[in-house]
Structure formats: C-alpha cells, structure tokens
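# Structural overview
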Amino acid sequence: MPDESAARADLPFHRLSAVSLQTLARGEGDAAAVAEILAAERSRRLLLLRALDEGVSEGDPPQASGTALSHRDAWSLLERVQRQAPAVFDDVLMSPPTGMWVSLALRQMRGKVSEDAPLWVVLGHLSALAAAAGARAGLDFSLAVPVRRGLVPLPTLGCAVLPARAPWSVAQVEARQGELRISAESGQVLVPRDAEANSPDWHAVRRVVLETGERPKRLPLDELDPYRTFPRPSGPRLLSAAEAGAWDGMLAEAWEILLRDEPESAEGMRRGLLSLVPTPARERFRPHSETAGDAFGGVTASCPDDVPQLAATLVHEFQHTKLGGLIHLQPLINAQAPQAAQDPEELFYAPWRDDPRPLSGLLQGIYAFTGVTRFWRVHRYAAGAAQASPAHFEFALWRAQVWSTLNLVRGHERLTPLGRHVIEGLREQCALWLADPVPDAESELAREAAADHRARWRAHHLRPPAEAVEEAVRAWQRGDDRAPAGLAAEPELVPDSEVRFLDSAAVLIRHRLSEPDGARGQAAAQGSGATAGVEGVTVADVLLAHDDRAGARAAFVAQLSGKGAPVAAWVGLGRALAGEGQVRNAASRLLLSFPERARAVHEAIEAATGRAPDPVRLAEWLGGQG
C-alpha cells in the first residue's frame, strides 16, 4: 500500500454533492449518491488499515512461538496487488468482512477482546487478505497465514480445510505460475485452478448472478469468512444444495422486483450491495436481517418466506447501509454534554422493536422503514391478486409507524443541522404518502396492529408512580367510584429486557391475510392448538385476530384471573372489549392507551389481598377516571 505522502494524496476530503445529499435526506439514493458514499468508505477503510499498521509497527506483533507470520511481508504483497491489479485490491479492501475485521483488530489491540482467537491470529488475518488478493491477481508469492481450527480462510476467494491438530496454527500459502498450494505440518491443499470450483478440502466463495447482460450483478453469498458475522466472528456455515438453489432463485426474482418497483434503490444496490450472508429460515413472518456500519455493503438475512419479503428486506438493510455511510461523513446527533455523560441515555418507543431505543437507533429505524414503506407503496399495485391485500397492509402499517415516529423526534435538541435536515426530508416524503388510498379492511387492520404494538410496549416498559398505585389499591378496597387522579401522572420507563414478540398482532394479521379460509381461527375456536408456529401468542390472541371477540374476551379474562398471566393479555382484553357499550368502551380505551395502569394496580391488589380482582371490572373502574 502507498507510503504516507501517497496515502494523503489518495485520501481526498470527502463531501457529498448537493444533489446526493438531497436524495439521501429523502431516504432515497441512486447509483451516483452511493458511489460518493462508497468512495468515502474506501478512504475510511484505508485509514483504518494505516492505523493498524502503525499500531503493529510500534513493536513486534505478538504471535505463537515458532510461527512465521510476517506483517511486513503481508503489507508488501498488498502493495504489489494495489499497483498491479487495483480492481482486485479494491474488491478485497471493500469486502464487508474486511471492514469488520480491521475494526475488531484495532479494538483488540486496545484491549477490547471480541473473539477467542489470540491477538497474533487476529492481526495475522492481514496475511490471509494479502494471500487471497495475491492469488486473485495472479502473482507469485509465498506467505504464512493463520489456521483457525483447521480452516484457512482466504477472503473473497475461499477456505481450505486442513486436518486440525491445534486450535491456532500457521500454514504456508504458495502461488507459482497459477498454481495455489496451502501447506502445513498436518497436510496440504491444492486449490483447483478454477478457484470457483470446490473439492473435498477447498470451499470456494459462492456467487449468485442476479442479472446478466451488459451490466451483470454478481453477489457473493458469504458462508466462509470468519468476519462475515458480528459482533463476533464465527466458523463457516455451508449451504446445502437445496438452500443454495432456493437463495439463487429468490435473489434473482427479488432483483427483478426491485428493478421494476424500486429502480433507484436497485441502481444504488448495484454499486453498494457487496455481499449477503445467508442464515437459516426463521419463524414465518419474522425474518431476521442486519447490517453493521463497519461492514459497509454487507447484509445478513435469514431465508425469506417469499420473494417480495426478500426484496423488502434488501431495501430495508440497504437503507441502513446508506445512512451508516452518511453518518461516517457527518453525524446526525450531537454527543451528550460532558456534564451529562453519566446520565442515563434517553430512550424512545420504536414501533418496529421490542425494546426502548436510543435516539441513534431510532433514526436508523426511521430511515430503514421509510424505504420499506416506499417499497410496499409501489409493490402493492404490481403484486398479484393473492399478494395485493398483504401488500396494502404492509404499506398502511409502516406509513403510520414511520409518520408517528418522525413526529416524535422532529426538532429534538440533540439533532445536528444535518440530522434535522434528514428528518425534515423524510417527513416531507412521508407526508406525500398520507393521502394515498388504502382499502378500508387493510387500513383498519394496520391501525389495530399499530395500536396493539404500542400498547404492549407500554404495558411491559412503563410503570405508574408507586405512590399512585398504592393509593389506587386503597381506593379500590374502600369502594371509591373512581380511581385516584395520580395514576395519570407521567409513568417511569423501566425497560423489560425479557420482553419479546410485541409484533404478535401484526404477525397474526399476516397469517390471516395469507389464509383466507380462516383455518387457523377455526382451529383456535375448537381448541386444537392453532398457535403452533407463532411464538408469543395464545389461543385468545388467535381468536381475536379472527374477529371472535366474545371468545377472545372470555379467554383473556381467564388468563388475567389466574397466576402468571401474560402482560399482553391486558391489551388483548382492551381490543376485545371495544364496541360493547359506553362503559366497556371506556375500559377498552384505558387498556389500549394506558395498559400499564391496569397491570400495576391489578398486581398490587393481588399482592395486598391475595386475590386477583376481576380484570374487566378493574378496567371499567380505571377507565372511569376523568
């Protein structure tokens, strides 16, 4: 790599153009905007490598006795690749796991251990990068690299398998006239001349062809690189032939959808989507995906339920990628004042999470779900008849959730000028969508799902003032007509770290929309275990999702009258009581707006008297307070 003076010339001061900044502030971003971010990320990656080199150069890097790893030799080989095959150098440099590795290595050098590998193995990964780059560039070389439990990862190229005799050791990688050989005391591996071919002891990097023709898009499916996962590295997880075939087909179809429905995002992804880490399928309608700012361009995703879900996931995660790159250039949030550094961080309600989120995390979610909303807004008209109703629901749900959260943080004192600009840009974009028509049925289902999630969040994470709860217990025991007004005071945020599945109402609605015959609801009414496969729900929830409000109400009352009732049952009861007259409607409004009051008072009465009060009567009493 270049010396210090050349490095300075190669690392210009990066500033987004006005056009790119404006498109990114609206949650968009075409190929030109992504190219500007990518150029800045390249400079950042080079600076991190330089910092690592300077840290190692301060003293001999630690390594196991008798090993032959050479930081200088690895650095020299990378410099050769950069001069003779710059495209290969950039591909290895900008591989998402490379960014994750260099960041973790720098932290481990400073004492923040993130993996069980010794420091000499972590730092020696530079040699693995250099060997992979040198082999891909067709250079002749010989270089020692780390062996991790018998595995020799060569990032962006593949992974060799050697007989394991120790958790950490060293192998020699030799390239001569196009032949690549990996040797150690325990054995050797001859890499096929076609590096994309596999053999019993060599696994090549798998790549999916999303689009051919004049502008082909080939996407690595990363099963091998130890630094493809975060926050900790992991061993390879090879796809079966069936899994690989499923990913190949669905990614190609998702790409076609994006080219049609999200052409600007697709062009941005053509430049900036650099790899995908596939993971096993999760519960239906609960896919998992994530990105990391240090692994720019990389996406981890579970095998999706269907192609539109995968397309929406790619949009979602690429939104995170774009925003992460923007934040690397200029922050959206001011750091907290020094005198307040020890104060608890302010946390917010996020309609897409189970846990309260800091402002930084909330902005990431807003930006990601703005893209998701935009995708469903268009896709609902392009989807087939069977997919139209679910797509309308997704658009209506995320439009409402993004809009409410934008208004929650708008004008927050910690937003930088750029942060305020981004929030206003997203808000202007979302405001345009509010007038878009949505069928009444899907609109009402989206409203119910949004209200249910928020109420569940309150029930788990908020606590009314203890004094007010104690006074309410006394008032209940005295037979007062109304609950004390003190319960209406601002509740305290007490995060519940164990809560999960606050999205249950939305998941059940998705099941309902995909099962027009209502089989799940009928099975629930017959008590035949209809909740199988939907974690975090009870039969009462399923009955409610299928509009059996009387059956759901009875089931929720039974839950709340017994021991260990799920907290979410208060919210379900509130939904089930709606429309049953003035008193029940007041109880319903109380349980959907302030379920934490019912939960706290109910638990306190039971603790004081040894008996659980009637939940409906308690909700009516609490709902009658001014």
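Above this text is the structure in question.
Quick summary incoming for the structure in this document.

Here is what the cut-offs are and how they apply
Residues numbered from 1 in each chain as written. Predicted model: local features only at pLDDT ≥ 70, side-chain atom pairs only at ≥ 80, totals over all residues. Heavy atoms only, no water. Axes fitted to C-alpha atoms, helices over the stretch in contact; angles between N-to-C directions. Helix = DSSP H or I, 4+ residues; strand = E, 2+ residues; numbered from the N terminus. Parallel < 35°, antiparallel > 145°, perpendicular 65-115°, else oblique. Left-handed = near helix turned anticlockwise from the far one by under 90°. Contact = heavy atoms within 4.5 Å. Nonpolar A, V, L, I, M, F, W, Y, C, P; charged D, E, K, R; others polar. Phe/Tyr/Trp six-rings, centres within 6.5 Å; stacked < 30°, edge-to-face > 60°. Lys NZ or Arg CZ within 6 Å of the ring centre and 35° of its normal. Expected span 1.5 Å × (residues − 1). Polar contact = N/O pair within 3.5 Å; in protein donor to acceptor, adjacent residues only side chain to side chain. Core = buried A, V, L, I, M, F, W, Y, C linked by side-chain atoms within 4.5 Å. Buried < 20%, exposed > 50% of the residue type's maximum accessible area, 1.4 Å probe, protein only.

Let us now look at the packing of helix 11 (residues 359-382) against helix 12 (residues 385-409). Taken N-terminus to C-terminus, the directions of helix 11 and helix 12 make an angle of 150 degrees; their axes are 8 Å apart at the nearest point. Relative to helix 12, helix 11 is oriented roughly antiparallel. Considering how the two elements wind past one another, helix 11 and helix 12 form a crossing that is left-handed. Residues Leu359, Leu362, Leu363, Ile366, Phe369, Thr370, Val372, Thr373, Trp376, Arg377, Arg380 and Tyr381 of helix 11 lie in contact with helix 12, whose contacting residues are Ala388, Ala391, His392, Glu394, Phe395, Trp398, Arg399, Val402, Thr405, Leu406, Leu408 and Val409. Counted by class, the contact of helix 11 with helix 12 contains 16 nonpolar, 4 polar and 4 charged residues.

Moving on: the packing of aromatic side chains. If you walk through the whole model with that rule in mind, you get 5 aromatic pairs. Grouping aromatic residues by their ring pairs yields a cluster made of Trp352, Phe369 and Trp398. Lying over the aromatic face of Phe594, Arg597 brings its terminal NZ or CZ to 3.8 Å of the ring centre.

Here the focus is helix 10 (residues 307-329). One full turn of an α-helix is made of 3.6 residues, so residues set three or four places apart face in the same direction. Over its 23 residues, helix 10 extends 34 Å from the first C-alpha to the last, a length consistent with the 33 Å expected when each residue adds 1.5 Å. The N-capping residue of helix 10, defined by a side-chain oxygen 2.8 Å from the backbone nitrogen of Gln309, is Asp306.

When two helices pack together, their arrangement is given by the angle between the helix axes and the distance between those axes. Running from amino to carboxyl end, helix 9 (residues 263-272) crosses helix 10 at an angle of 65 degrees, the nearest separation of the two axes being 11 Å. Where helix 9 crosses over helix 10, the two elements pack in a sense that is left-handed. On the side of helix 9, the interface is formed by Gly268, Met269 and Gly272, while helix 10 contributes Leu314, Val315 and Phe318.

Here we come to the environment of Gly486. With respect to the secondary-structure elements, Gly486 resides in the loop between helix 15 (466-478) and strand 16 (492-493). Separated by 19 residues in the primary sequence, Gly486 and Glu467 place their C-alpha atoms 8.2 Å from one another. If sequence neighbours within four positions are ignored, Gly486 has contacts with Pro465 and Ala468.

Within the largest apolar cluster, 134 residues are counted, with the highest numbers of intra-cluster contacts made by Trp101, Leu154 and Ile182. When residues in this core are grouped by element, the largest group, 10 residues, is from helix 7 (residues 119-137). Apart from the residues lying within four places of it in its own chain, the contact partners of Trp101 are Leu49, Leu52, Val122, Leu123, His125, Leu126, Leu129 and Tyr227.

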